[in-house]
Amino acid sequence: MATVGFIGLGQMGQPMATNLAKGGHALRVYDVSPEAVASLVTKGAVAASSPAEAADGVDFVVTMLPNGALVCETLFGENGVATTLSSDALVIDMSTVHPLETDAMIADMAKLGFSMMEAPVGRTSDHAIAGTLLVLAGGTKDQIAKAQPLFDLMGSDTVDAGGPGKGIRVKIINNYMSIALNTLSAEAVALSEAIGLEFDAAMSVMSGTPAGKGHFTTTWPNKVLTGDLSPAFMIDHAHKDLGIALDLANQVGVPMPMGAASRETYNIARSAGRGRQDWSAVLEQLRALSGLETKAK
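Below is a summary of the structure that appears in this document. All chains use their own residue numbering, which begins from 1 and follows the written sequence. Predicted model: local features are reported for residues with pLDDT of at least 70 only, side-chain atom pairs are reported and counted for 80 or more only, and whole-chain, interface and lining totals are derived from all residues. Hydrogen atoms and water are omitted, and side-chain values are computed over all heavy atoms in the structure.

Type-normalised accessible area, obtained with a 1.4 Å probe on protein chains alone, sets the label of each residue: buried when under 20%, exposed when over 50%, and partly exposed for intermediate values. Numbering goes from the N terminus for both helices and strands, where a helix is a DSSP run of H or I of at least four residues and a strand is a run of E of at least two. Where burial is concerned, the two faces of strand 5 (residues 90–93) agree: the one with Leu90 and Ile92 and the one with Val91 and Asp93 are both buried. Strands are treated as partners if at least two bridges between them are detected by DSSP. Sheet topology note: the strand 4 (residues 60–63)/strand 5 ladder contains 4 bridges and is parallel. When the sheet's bridge partners are listed, phenylalanine 60 is paired in strand 5 with leucine 90. Read as a crossover between parallel neighbours, the route from strand 4 over helix 4 (residues 68–76) to strand 5 is right-handed. Strand direction decides the pairing type here: strand 5 and strand 6 (residues 115–118), joined by 4 bridges, are parallel. Looking at the pairing, leucine 90 lines up with serine 115 of strand 6. Convention used here: a crossover is right-handed provided that the path from the first strand, over the helix, to the second strand proceeds clockwise when the strands point away from the viewer.

As structure tokens, then:
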């Protein structure tokens, strides 16, 4: 079993550290909350007075902190991890921070001769308690293999995101999409209620269409992702239908800012001459505007 310095014992970190302790690892824990540290001590962990003490002589350091600035201070600040860390240890940041901050910290740790990867997690605090988190591992193959016994205690699924910095990138993209879809879904339900449509009826339809199932697994695989923009459903038609929904919302007094923003994307695509292409071609339009390589035939 390994010795693990665990730093950050909040809503997610507390149960994650607990599961490592239950798995037989020796824990040295640090948090700004004495109560959080005391709780882990009752489960067999040893209290540390600083990040430096938590990192001294351990095999792994796990950080689970609220933001990148705190992770950086924990690693490089006075009494930070880097002041005592062994060159043989692996630092695993499991926080959700800005990907460019992650890149910089990994590079700065490497300059000091230390190994660091990131492995943010998906799912909820209930999954953290149960040890069934989704671990999004960004690191080399060797780093992930070394950390896997820890990941297996904290999560039920580990995704190799494709290299250093890629774990936090996929976490941010996933959260962006989930959070934005939450608002769009709320607009759809509010409009349904405002026009007298029963939610159960709307849900039964949308759960079987791209509205509920998502485009990644329905409309895109055989169209834009293969470079085929021949229309199964044209951008012009999508623009028309979106306009009807927005006009209806305006007339019944339901604000739909996400829908309005979406119409602008379709407007841009139509102005670029894509009106008769498949509606998935909005991706190609955004690629073009971003200077990215397009995939269309």
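In a structure, side chains of opposite charge can pair up when their charged atoms sit close to one another. Every case where a carboxyl oxygen of Asp or Glu lies within 4 Å of a side-chain nitrogen of Lys or Arg is listed as a salt bridge. The tally for this structure, following the rule as stated, stands at 8 salt bridges. For aspartate 228, the salt bridge is made with lysine 223, and the minimal N-O distance between the two is 3.4 Å. You can call aspartate 228 partly exposed: its relative accessible area is 24%. Classification of lysine 223 by relative accessible area gives buried; the value is 14%.

Attention now moves to the sheet that holds strand 3 (residues 46–47). Pairing is parallel across the open sheet formed by 6 strands, whose spatial order is 3-2-1-4-5-6. Unpaired on one side and paired on the other, strand 3 and strand 6 mark the two borders of the sheet. The sheet contacts of helix 2 (residues 34–41) involve strand 2 (26–30) and strand 3, and relative to strand 2 the element is tilted by about 170°. Should any heavy atoms of two residues lie within 4.5 Å, those residues are counted as being in contact. Axis definition: a line fit to C-alpha positions, over the contact stretch in the case of helices; interaxial angles, taken between N-to-C directions, run 0 to 180 degrees.

Roughly 2400 Å³ of volume is contained in the largest pocket. With a 1 Å grid laid over protein atoms only, a set of points is called a cavity when a 1.4 Å probe fits there but cannot get out and a pocket when it is open yet has protein on both sides within 12 Å along at least five of seven lines; lining residues have an atom within 4 Å of a point. Lining the largest pocket are 50 residues, with Leu181, Leu184, Ala211, His215 and Ser262 positioned closest to its centre. Going through the elements one at a time, helix 8 (166–194), helix 9 (199–206), helix 10 (210–213), helix 11 (235–252), helix 12 (257–271) and helix 13 (282–289) are the ones with two or more residues in the lining of the largest pocket. No other element matches helix 8, which puts 15 residues into the lining of the largest pocket. When its residues are assigned to classes, the lining of the largest pocket shows 34 nonpolar, 13 polar and 3 charged. In this structure, the second largest pocket encloses a volume near 360 Å³. If you go around the second largest pocket, you meet 20 residues; those closest to its centre are Gly8, Asp31, Met64, Leu65 and Pro66. The element that contributes the greatest number of residues to the lining of the second largest pocket is helix 4, accounting for 3 residues. Its residues assigned to classes, the lining of the second largest pocket shows 10 nonpolar, 7 polar and 3 charged. Grid points are joined across faces, edges and corners, and a volume is the space filled by probe spheres set on the points. Asp, Glu, Lys and Arg are counted as charged, while Ala, Val, Leu, Ile, Met, Phe, Trp, Tyr, Cys and Pro are counted as nonpolar; the rest, among them Gly, fall into the polar class.

Further remarks concern unusual backbone geometry. Backbone geometry places asparagine 79, a non-glycine residue, at a positive phi of 60°. Note on placement: asparagine 79 falls in the loop between helix 4 and strand 5. Phi at arginine 123 takes a positive value of approximately 85°, unusual for a residue other than glycine. Tracing the sequence through the fold places arginine 123 in the loop between strand 7 (121–122) and helix 6 (125–130). The exposure class of arginine 123 is partly exposed, given its relative accessible area of 41%.

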